[in-house]
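Structural characterization, general
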Amino acid sequence: STAFSALAKGLHGVKHAFGQASPYKEFMAKLLPEQLNDHVVIVGLPASLGDIIVPLRQFNARNTCGKAQAIVFIAPFAMSEHHYHSIGDSTAVYFVQGSPLSSFDLHRIHIDTASAIIILAGSGSKRKYIDENMVDADAITTVRYINEACSGSKPPNLIVELVKATNVKFMNAAGRARVLDLTYWAGRVYVSGMIDSLMSECYQKPNIIPAINLLMFGSPTDPEYVVVVVHVLGCRHGRGGSAQRLFQVRTPKSLHGKTFGECFRKVLALNLICIGCLHSSTDKTPPYVHTNPPADMIIYQTDYIYVIGKPCSDLPL
């Protein structure tokens with residue numbers, strides 16, 4: 001019995017040692033650096049952390065050649081081992097258990113020096129709402145609290161995920177009752193319910209998904225790419241060659257001060273199709289995208305236009 005007790009104690013010690021050395025526990029015990037700048041703060045935990053970390057890492061790799069940009073997750077509930085294993089490479093990735101509605105916790109994660117803040121839908125808690133219209137209450141409250149916390153410094157580069165498109169109107173002080181708001185146009189708000197609507201539309205319009213794939217990734221093997229996309233979008237003009245896709249180009253000097261209708265006609269003569277433009281930021285508004293604008297909309301020299309066709313650095317106009 002003495003030998004058995006010694007063996008049991010030894011096994012317990014080995015188990016305890018392995019528990020102390022587990023990568024998950026080491027990650028959870030990892031402290032934030034004292035100096036933290038230009039990091040990304042993510043409020044909430046997605047189902048798979050790697051799905052959001054990988055694109056951020058790819059973007060960071062294209063823009064910097066130094067060390068990896070720090071990514072800080074904050075949530076009021078603990079990160080599970082399942083979440084941890086979905087991270088992949090945990091270099092410069094941190095987790096803080098705290099509330100985005102606590103000034104103390106926001107100070108801990110250096111919210112005022114973050115380069116970007118991403119607020120995920122349902123980030124505030126795991127509670128369920130009886131009224132489905134309240135599903136975005138936590139995210140909207142978090143946005144307003146962070147804006148107030150950063151009011152003394154430069155406005156944060158903040159992106160929020162909402163479930164219901166009708167809640168976009170609560171993202172500004174005026175509370176305008178329309179979805180087409182600057183926060184939405186500027187990419188500050190992502191409505192996840194849009195995907196559900198898109199999938200529902202596919203029953204009536206099966207060409208929607210192929211059209212979106214073509215717009216996003218292009219179709220270098222399809223010489224009639226522009227014809228397909230334009231047909232799906234409801235237009236009857238345009239032909240294309242190989243390697244056709246959606247691209248962005250600076251507005252040619254000859255189109256400065258012209259209307260979008262005139263721009264569309266001149267670009268169409270180049271066998272390209274203009275579908276919208278990017279308006280530059282001003283003192284009062286962020287940069288935002290305007291697709292399918294009215295024909296009388298004026299295009300300025302600081303604007304960029306979105307074009308479908310064979311990519312080029314400049315338009316010969």
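Here is what the cut-offs are and how they apply
Residues numbered from 1 in each chain as written. Predicted model: local features only at pLDDT ≥ 70, side-chain atom pairs only at ≥ 80, totals over all residues. Heavy atoms only, no water. UniProt positions renumbered as here; feature names shortened; annotations may be inferred. Helix = DSSP H or I, 4+ residues; strand = E, 2+ residues; numbered from the N terminus. Buried < 20%, exposed > 50% of the residue type's maximum accessible area, 1.4 Å probe, protein only. Contact = heavy atoms within 4.5 Å. Areas by Shrake-Rupley, 256 points an atom, 1.4 Å probe, with all protein chains shown as cover. Arc of directions from axis to C-beta. Pairing = 2+ DSSP bridges. Axes fitted to C-alpha atoms, helices over the stretch in contact; angles between N-to-C directions. Salt bridge = Lys/Arg side-chain N within 4 Å of Asp/Glu carboxyl O. Phe/Tyr/Trp six-rings, centres within 6.5 Å; stacked < 30°, edge-to-face > 60°. Lys NZ or Arg CZ within 6 Å of the ring centre and 35° of its normal. Parallel < 35°, antiparallel > 145°, perpendicular 65-115°, else oblique.

The protein carries the name RCK N-terminal domain-containing protein in an unreviewed UniProt entry, which gives Aphanomyces invadans as its organism. The UniProt entry for the protein carries the following comment under Subcellular location (unreviewed entry): "Membrane".

What to know about the overall build of the protein
In terms of regular secondary structure, the protein is built from 11 helices and 10 strands. Counting only residues that meet the buried cut, the protein has 36% of its 317 residues in that class. For the protein, contacts bridging at least 24 residues in sequence account for 67% of all contacts bridging at least 6. Accessible surface, the protein as shown: approximately 18900 Å² in total, 58% of it carbon and sulfur.

Section: helix 11 (residues 260–268)
Because an α-helix completes one turn every 3.6 residues, residues spaced three or four positions apart along the sequence face the same direction. Taken residue by residue, helix 11 has Phe260, Gly261, Cys263 and Val267 as its buried positions. Each buried residue of helix 11 sits inside an arc of 160° when the element is viewed along its axis, so together they form one side. The secondary structure elements touched by the buried residues of helix 11 are strand 8 (273–279) and strand 10 (304–309).

Quick word on the sheet that holds strand 8
Remark on secondary structure: sheet strands pair via backbone hydrogen bonds, oriented parallel or antiparallel. An order of 7-10-8-9 is seen for the 4 strands of this open sheet, with the pairing classed as antiparallel. A single partner strand is all that each edge strand has here, and the edge strands are strand 7 (245–250) and strand 9 (288–291). Within the sheet, the average angular offset between the axes of one strand and its neighbour, ignoring direction, is 30°. The pairing of strand 8 with strand 10 spans 5 bridges and is classified as antiparallel. The residue of strand 10 that forms the bridge with Ile273 is Ile308. Packed on one face of the sheet, helix 11 meets strand 8 and strand 10 and runs near 135° to strand 8.

Description of the pattern of salt bridges
Within the structure shown, the criterion is met by 3 salt bridges. For Asp105, the salt bridge goes to Arg108, with nearest N and O atoms at 2.7 Å. Residue Asp105 and its partner Arg108 are located together in helix 5 (residues 103–108), separated by 3 residues, close to a single helical turn. You can call Asp105 buried: its relative accessible area is 8%. Accessibility expressed as a relative area gives 32% for Arg108, which makes it partly exposed. Residues Glu201 and Lys205 are paired through a salt bridge, measuring 3.9 Å at the closest nitrogen-oxygen approach. Here Glu201 falls in the partly exposed class, since its relative accessible area comes to 37%.

Some words on the packing of aromatic side chains
Enumeration according to the criterion identifies 2 aromatic pairs in this entry. Seen from their ring centres, Phe27 and Tyr84 are 5.3 Å apart, and the 45° between their planes marks the pair as tilted. You can see Phe27 sitting in helix 2 (residues 23–29) and its partner Tyr84 sitting in helix 4 (residues 81–85), a full 57 residues away along the chain. Owing to a relative accessible area of 3%, Phe27 belongs among the buried residues under this scheme. Among the aromatic side chains, those forming a connected cluster through ring pairs are Tyr24, Phe27 and Tyr84. Sitting over the face of the ring of Tyr94, Lys30 holds its NZ or CZ atom 4.8 Å from the ring centroid.

Brief notes about the packing of helix 8 (residues 193–201) against helix 9 (residues 208–217)
Helix-helix packing is characterised by the crossing angle of the two axes and by the distance between the axes. Where helix 8 meets helix 9, the axes come as close as 9 Å, and the angle between the chain directions of the two elements is 125°. One way to sum up the angle between helix 8 and helix 9 is to call them oblique. Side by side, helix 8 and helix 9 meet where Leu198, Met199 and Glu201 of the first sit next to Ile208, Ile209 and Ile212 of the second.

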